[in-house]
Every structure is written in structure tokens, then in C-alpha cells.
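An overview of the molecular structure
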Amino acid sequence: MNILCTGGAGYVGSACLRWLLRHGHEAIAYDDLSAGNAEAVPDGRLIVGDILNGGQLTDVMAQHHVDAVMHFAAVASVPESISDPDLYYRVNVLGTKNVLDAMRRTGVNRIVFSSTAATYGFDNPMPLTEDADQLPETPYGTTKLAAERMIADYARAYDFGYAWLRYFNASGADLDGQFGEDRDHETHLIPIIFQVVNAHREKLMIYGGTFDTRDGTCVRDYVHTDDLGQAHQRVIEALKPGDGRAYNLGSGTGATVMEVLRAAENVVGHPIAHEIVDPRPGDPAVLIAGSDRIRSDLGWDPQHSDVETIVASAWRWHQQCPDGYASKPEAAAGKSG
Ligand code: UDP
């Protein structure tokens, strides 16, 4: 299948794009590189473009004979969405509309959408099923939910097939350590832990130590990016025009912040500096995915989403590329950019 990956140079998008290429599909990335990295995309597979440019999107879909779209492109920081909702509604809502309109114009009728656990309200029982109440607590979650609903409305009217894939905590790195997380302003737990190990930060601030959890720190469901890749492949291979599917993507087990830290200490072989500070606004105590639906519908079988494997793969990446893609030899030689 010929798949256009918007946001295909981003952390999750590029991991899924590389997975698709390894599993019998053609795929190209359409990415404005505002958060993505050209080095994360295999040579010749990147088109630099913005989803807010509907004309370019339409041209690319037509010229590349696209069969299906995986729509990863988004802005995705909860605190930023609170301070800058304008950006979030523009990129996540209007950008999604542009993708759908380009699909209509070019006759592309299948879309897999990167949604999020942040579309669920905090009062649902754990593990979350796909039928849990969607009452997002943040502008980020609201924009992603609006995009979900818009996709369903377009699908009904114009006979698209769609899937909403609600990610929990996407994490880990390529198993050979060649590709991983690299953001200008890192906020995520696992890369921050390794920034401390690499002396790029003094210590890990643990947000909250008195939650109602087994050790007082927040529980999250960490899912490896290769397992997200497998899920995207299974979904797109099954998706037919007229289908509407919603799947949670998580391991189904949770780890506390302290457990993730301990796993990282085991991998690096020494203690990692940390301090417990006040909770971060908007952080729920526990988020765990119920992902039985995709397992039983499509045989999704995550292989790398235990915390030890996730942390070990992330450490390989941070060891080999302590400055992210800028430390890869081909980037240093100015080959890509
Ligand atoms: N976290 C933390 N210190 C940090 C970053 C994150 O204690 O510097 C915690 C955060 O409160 C959450 C978990 O680690 O409970 C995962 O956070 P992350 O930002 O990686 O993902 P999120 O769950 O917010 O999507």
C-alpha cells in the first residue's frame, strides 16, 4: 500500500513509517520539520510541507498515488495547549480538516488518526476502555477529540474508512539505537532521565510523591514505538471504506515514575539524581490502557512494551546519540538536514 504519513519525521510518525517500509509497504513523510527530524526519515522519503497548506497536500497526494493517510502531524504539549490554544486549534483541528479535504479532492478514502489518551476524562475507571467517557481536561485533548469527530463526520458523508488510535505513553527507541526521541524542549520522563545520565540536566524532578498509587508517584502505561508501528500496520491492512474503528494502544500495565527511574538505574548501573517536587498541573494519578479490542480484532501483539525493554532501547539511543540526531555521523557531515 502507498501510505502518506503526515508528521512522518516526528518521533512516533517516523517510527511507524520505518516499520511500514520494513513490512512491505511504500510510505512517504509529509512534515514541516517544526518538530520532526529529517534524519529520522530514510533517504528520499521526506516531503517538506505544512498540513496548513492544503494545496501542497493535495498535490502530494495526487502525485504520489496515495492509497491511505496516516495522520500523525500535530502539536502535542499539554502545557503549551493551555497557553497557546490558537496554535492547537489551527494545527490539530484546521490541519486535520485540510488533510480530509485533500483526501476528498484526490479520492483517498482511508485514514488512520493519531489520537490520545488525553481525550478521556479523569474520572473513568482503569484500565480505560474505548467506550470510556471522552471529556478532555485540556485544550490538547479537546483539539484531538474535535479532530476525531470531524474525521467520523467526513467518513460518514464521503465514504471514508477511518481508525482513531489512542496512544498512551509512546516511548522507547529503535532497537538498534539509531532513532529515538529528540525534541528542542524535552518534557517527557524517559528522555529527561537520560539527559540527567548524560549530564545535560542536573536531576530529574519527579512531579508528585503523594498520589494514591503503590509508591506515591504517577502511574502511566508506556508503549514502545515499534509496537505502535505494528498496530498501524495491522489497522491499515484491515481498514475498508465505510469502517470506523477506535483502538487504545497501551501495554495494559502501568509503571510508576519511580519504577521507570529504577529500571533506568539498572540499565546504566548507577543511581540517577532526582528530587520529588510538586505535582504538575493536569496530571492524573493513573492512566492505564485497556487494549483488548485491538488484540482480539486484529491480533495486535506488542513485543517490546515492558518497561525494561523500553528503557534499555532508549538508553542505547541516548548513549549513541547523546545530542540526538545532531550527533549522528551523517548529520555532522551535513548529509541531511
Ligand atoms: N514526569 C516527571 N518528571 C518529568 C517528566 C515527567 O515526574 O520531568 C512524570 C509525569 O508527571 C507523568 C510521567 O512522568 O506522571 C510521564 O510523563 P510524560 O511527560 O513523559 O508523559 P505524559 O504522561 O504527560 O503524557
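Analysis parameters
Residues numbered from 1 in each chain as written. Predicted model: local features only at pLDDT ≥ 70, side-chain atom pairs only at ≥ 80, totals over all residues. Heavy atoms only, no water. Near = heavy atom within 4 Å. Polar contact = N/O pair within 3.5 Å; in protein donor to acceptor, adjacent residues only side chain to side chain. Areas by Shrake-Rupley, 256 points an atom, 1.4 Å probe, with all protein chains shown as cover. Helix = DSSP H or I, 4+ residues; strand = E, 2+ residues; numbered from the N terminus. Nonpolar A, V, L, I, M, F, W, Y, C, P; charged D, E, K, R; others polar. Salt bridge = Lys/Arg side-chain N within 4 Å of Asp/Glu carboxyl O. Buried < 20%, exposed > 50% of the residue type's maximum accessible area, 1.4 Å probe, protein only. Contact = heavy atoms within 4.5 Å. Phe/Tyr/Trp six-rings, centres within 6.5 Å; stacked < 30°, edge-to-face > 60°. Lys NZ or Arg CZ within 6 Å of the ring centre and 35° of its normal. Expected span 1.5 Å × (residues − 1).

**Observations concerning the site of the ligand**
- Around the ligand sit 15 residues, and of these Leu 189, Met 205, Tyr 207, Arg 280 and Asp 283 come closest.
- Contacts to the ligand include Met 205, whose backbone N or O atom sits 2.7 Å from a nitrogen atom.
- In this structure, an oxygen atom belonging to the ligand sits 2.9 Å away from a main-chain N or O atom of Tyr 207.
- In the complex, 86% of the free accessible area of the ligand, which totals 510 Å², lies under the protein chains.
- Elements supplying a minimum of two residues to the shell around the ligand: helix H6 (189-197) and strand S8 (204-207).
- Among the elements that line the shell around the ligand, the one with the most residues is S8, at 4 residues.
- By residue class, the composition of the shell around the ligand is 9 nonpolar, 3 polar and 3 charged.

**Some thoughts on the pattern of salt bridges**
- Tallied over the entire structure, the rule returns 17 salt bridges.
- Asp 153 serves as the salt-bridge partner of Arg 156, at 2.7 Å between the closest nitrogen and oxygen. Taken together, the positions of Arg 156 and Asp 153, both in helix H5 (residues 139-158) and 3 residues apart, correspond to about one turn of that helix.
- Its relative accessible area of 65% is what places Arg 156 among the exposed residues.
- Residue class for Asp 153 comes out partly exposed when judged on its relative accessible area of 43%.
- Because the salt bridges share partners, they merge into one network encompassing Glu 130, Asp 131 and Arg 293.

**Comments concerning the environment of Gly 177**
- Mapping Gly 177 onto the fold places it in the loop between strand S7 (169-171) and H6.
- In sequence terms Gly 177 and Trp 315 are 138 residues apart; their C-alpha atoms lie 7.9 Å from each other.
- For Gly 177, the contacting residues outside a window of four places in its chain are Arg 316, Trp 317 and Gln 320.

**Considerations on the packing of aromatic side chains**
- In this structure the tally under the stated criterion is 6 aromatic pairs.
- Measuring from ring centre to ring centre gives 5.1 Å for Tyr 162 and Trp 164, while their planes differ by 45°; the resulting arrangement is tilted. Across the pair, exposure class does not vary: Tyr 162 and Trp 164 are buried alike.
- Arranged with centres 6.5 Å apart and planes meeting at 45°, the rings of Phe 179 and Tyr 325 form a pair that is tilted. Of this pair, Phe 179 sits in the loop between S7 and H6 while Tyr 325 sits in the loop between helix H10 (307-320) and helix H11 (329-332); the two residues are 146 residues apart in sequence, bridging distant segments of the chain.
- Phe 179 sits in the buried class, given a relative accessible area of 17%.
- An aromatic cluster is present here, built from Tyr 154, Tyr 158 and Phe 160 joined pairwise through their rings.
- Directly above the ring of Phe 179 sits Arg 18, whose terminal nitrogen or CZ lies 3.9 Å from the centroid.
- Here Arg 104 stacks its cationic end above the ring of Tyr 158, 3.7 Å away from the centre of that ring.

**Digging into unusual backbone geometry**
- Between Met 126 and Pro 127 the backbone carries a cis peptide bond, its omega angle lying at -10°.
- By the element assignment, Pro 127 lies in the loop between strand S5 (110-116) and H5.
- We note that His 65 has phi near 50°; this positive angle belongs to a residue other than glycine.
- Position of His 65 among the secondary structure elements: in the loop between helix H2 (54-63) and strand S4 (68-71).

**Details of the side chain of Thr 138**
- In this structure, Thr 138 sits in the loop between S5 and H5.
- When near neighbours in sequence (up to four residues on either side) are disregarded, Thr 138 contacts Val 78 and Ser 81.

**Details of H5**
- Here H5 spans 28 Å end to end across 20 residues, near enough to the 28 Å set by a 1.5 Å rise per residue.
- The set of residues buried in H5 consists of Tyr 140, Gly 141, Thr 143, Lys 144, Leu 145, Ala 147, Glu 148, Met 150, Ile 151, Ala 152, Tyr 154 and Ala 155.
- Buried residues in H5 make contact with helix H3 (78-83), helix H4 (85-106), S5 and strand S6 (161-167).
- One or two residues past the end of H5 sits Asp 159, with phi positive at roughly 60°.

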